[in-house]
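Per-entry structural report
Here is how the chains run, residue by residue.
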Amino acid sequence: MLTKILYIDTSKYKYWVEDRKDLFEEWLGGTGVAVQLMKENMDPKIDAFDEESTIVFAVGPLNSAYPLASKTVAMFKSPLTGNLGESHAGGRTSTSIANAGYGAIVIKGKSKKPIYIVIDNDKVYFRDARVIWGIEDSLIVARIIAENERGRGIRSIMRIGGAGEKLVRYACVTTETYRHFGRLGLGAVLGSKNIKAIVVIGRGCRKIKDRKSYKEIYDEIFKLATKSDAMKKYHLLGTAVNVKPLNEKKGLPVMNLKSTSFEYAENLSGESLAEIIGRRIACAHCPVACIHIAVLRLPYENEPYFYKTLMLSYDYEPIYSLGTMLGMKTREDFLKVLYKVEAYALDAMTTGVCLAWATEATEKGLISEKETIVKLEFGNSDAYAEAVKYIVHQPNEFYRILAQGVEKASEVYGGKEFALAFGGNEMPGYHTGYAAHIGYLIGLRHSHLDNAGYSVDQKIDSYPKPEELVQKLMKEEQWRQILSSLVVCFFARGIYKPEIVCKALKPIGIEIEENELNKLGEKIYFEKLRLKKAMGFDAKKLRIPERIFETETPHGKLEKEYINQALEYFAKVVENC
Amino acid sequence: MKNKRLIIKDIEKCVGCGICMYACSKRKGEAGIDSSGILAVSLSGFERGATVIFCRACLDAPCAQVCPTGAMRVREGGGVIYNENDCIGCGNCIDACTIHAIFRRRDGKPAVCIHCGYCAKYCPHGVLAYEEVEPEEFRKVIV
């Protein structure tokens, strides 16, 4: 078992390792352990940018042992919501951490000067980052670090771009060019600590006693991943396959959710983007290679026959947030804005929702070019690309506020009714019905991935009582605490069902029954909810943006009363936990 | 004379998943990559793609020539035979390989591909194969 925890104190440039078998035996790893480490290491009330603010990276028992177990959980105080931040990333993060021999890494303190941290198996090095501080393109940062450091192929380079340095509260952390700790502002927390990047170099293994059963279950999982239909969606068009059906069913948020169908949806569809796929890439130890990379070929402005070729990874979520939400008419328009968002290392979803709000606020006369500097209008990609730069550089009061998210911006400038944030986190790309929206509100990360309400909406014809729907969503979220404690990719949830999970854990020395696993999921869920409460979460204060009642969903228009009843029920759950 | 060796079928198809690395160590009873004799890397960043690095099965292997104990010996038909028990972990072989295809395990000893072909069975995208080939034929890389 991976039971060692690496602590790094960036105030004193010290590190130490503790063996915490107790924690891993009780809580598996990933989310389960991260919640406990947050409780142990941080006052829940302090500010996200406080020196004592703590970041936890945690992996679990299945990382580096089985295919599709390729995620790392990051936990922190979110500067965007002021509450619990949790974000998961793929790439090589989880395998590098596990192969280096750690179950978790805890980062505390604040460096006096810019640094990047190199974790090289047993050792930790604090490198001077003064020269690379200020390089805004996260890709360039990584190229420089990659040339400086050893560990090609066995390392992960997690870094921030300009957005993290400038403390944009939805700055992300990018790893292996195309994967992100995307949501809730981890990039800004690193920026506040003067940490430009964290490199993890891991070469190692865990010895398996029962080789035969390990090989058998490994091969079963590998076969399911490569031969069955379980991963087909991700293996083929990827999540971008959602664009067309959501548009047809009227579940696709368009132009700040003024509408749910879009005449240019075809241009932004998975099918359309597939025409310009340049290559496919995989996270470590995953045969699916779901990372779809599009080629954007742009001519030089002033010279004929010269082109720059940009390789950009896309998924449904950025297509929604920077595509349909901003009224982009072509895939090239969408990719041009995505390029800026990726370079500065911003969360694509929040950035898109912020810009969509600002565009509608402009239309309604709440703000003008005096605030936005460029004229924001749906479909104008050049203006949006400029605005992304302003969010990072914050040349005026408006952009300083927009860099804090749409909740804050609408408090200052008005337009709350169309400011699409839930629990302070900007909306994901599904206006599919009650389950999606209730899911965003009650999910402990306010993420569509917490409980997959969007999927419930697409499967049911009529809704049960609000309380029953809340219970259903909570149950799903509780199981997902197990997935994120193992830590497997949520895309592989169709493979990692309780039976397979129990079988996979056995050869690596963990004996657990299916019912115990389910109970543990529930236990982790409530631990996380209690931590969220300690950080100030109050379910009674959740705001529902009026806009979601005005725009058609696949289930027609939504009634406020139903969601209110669901929230009342959930508030009781929170109160009693 | 033809011998069975691990070969590259089409390097441009590599997605960098590294399943080959995990297969290699799994064969030795490890969950991880410590003993893996193959490495999946990006080409100075994943936007430029990925590739795998492993022993080219030299007929006149520099790594074997610099081994002071005879732990690394030339294998007939190309490549090496590695006897761990004779190895003092000096790392000469690692330094001698021009394409850096010998890796250092956590204990300091080398990890090298012995062309058993086990990883090829797991390659999801047809990059690797295990086939009978003439020594000079498969070393051309473009096949």
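It should be emphasised that the depicted structure is a prediction, and the values quoted were computed from it without experimental measurement.

1. Considering the overall build of chain B
- Along chain B, the regular secondary structure elements total four helices and nine strands.
- Walking chain B from its N terminus toward its C terminus, one meets helices and strands in the order β-α-β-β-β-α-β-β-α-β-β-β-α.
- Relative to a compact globule of 143 residues, whose C-alpha radius of gyration would be 15 Å, chain B shows 15 Å and is just as compact.
- Expressed as lengths along the three principal axes of its C-alpha atoms, the size of chain B is roughly 40 × 35 × 30 Å.
- Once the 19 positive and 16 negative side-chain charges of chain B are each reduced to a mean point, those two points are 3 Å apart.

2. Focus on the interface of chain A and chain B
- Residue-level contacts link 42 residues of chain A with 38 residues of chain B.
- Roughly 3200 Å² is buried in total at the junction of chain A and chain B, and carbon and sulfur atoms are behind 54% of that figure.
- Our count for the chain A to chain B interface comes out at four salt bridges.
- Note that Lys26(B) and Asp219(A) form a salt bridge whose closest N and O atoms lie 3.8 Å from each other.
- Within the residue set of the side of chain A that touches chain B, elements represented by two or more residues are helix H3 (93–100), helix H4 (138–148), strand E13 (205–207), helix H7 (211–227) and strand E14 (277–281) of chain A.
- Its residues assigned to classes, the side of chain A that touches chain B comprises 18 nonpolar, eleven polar and 13 charged.

3. Comments concerning the sheet that holds strand E15 (residues 291–299) of chain A
Residue and element names in this part refer to chain A.
- Pairing in this open sheet of three strands is antiparallel, and the strands run E14-E15-E16 from one edge to the other. Each end of this open sheet is capped by a strand with a single partner; those strands are E14 and strand E16 (307–314). Each neighbouring strand pair of the sheet contributes to a mean axis angle of 30°, computed without reference to strand direction.
- One ladder, built from eight bridges, connects E15 with E16; its direction is antiparallel. Bridging across to E16, His292 finds its partner in Tyr314.

Rules of the game
- Residues numbered from 1 in each chain as written.
- Chains lettered and ligands numbered in written order.
- Predicted model: local features only at pLDDT ≥ 70, side-chain atom pairs only at ≥ 80, totals over all residues.
- Heavy atoms only, no water.
- Helix = DSSP H or I, 4+ residues; strand = E, 2+ residues; numbered from the N terminus.
- Rg over C-alpha atoms; globule rule 2.2 N^0.38 Å.
- Lys, Arg positive; Asp, Glu negative; His and termini not counted.
- Charge placed at Lys NZ, Arg CZ, Asp CG, Glu CD.
- Contact = heavy atoms within 4.5 Å.
- Buried area = accessible area lost by both parts, 1.4 Å probe.
- Salt bridge = Lys/Arg side-chain N within 4 Å of Asp/Glu carboxyl O.
- Nonpolar A, V, L, I, M, F, W, Y, C, P; charged D, E, K, R; others polar.
- Pairing = 2+ DSSP bridges.
- Axes fitted to C-alpha atoms, helices over the stretch in contact; angles between N-to-C directions.

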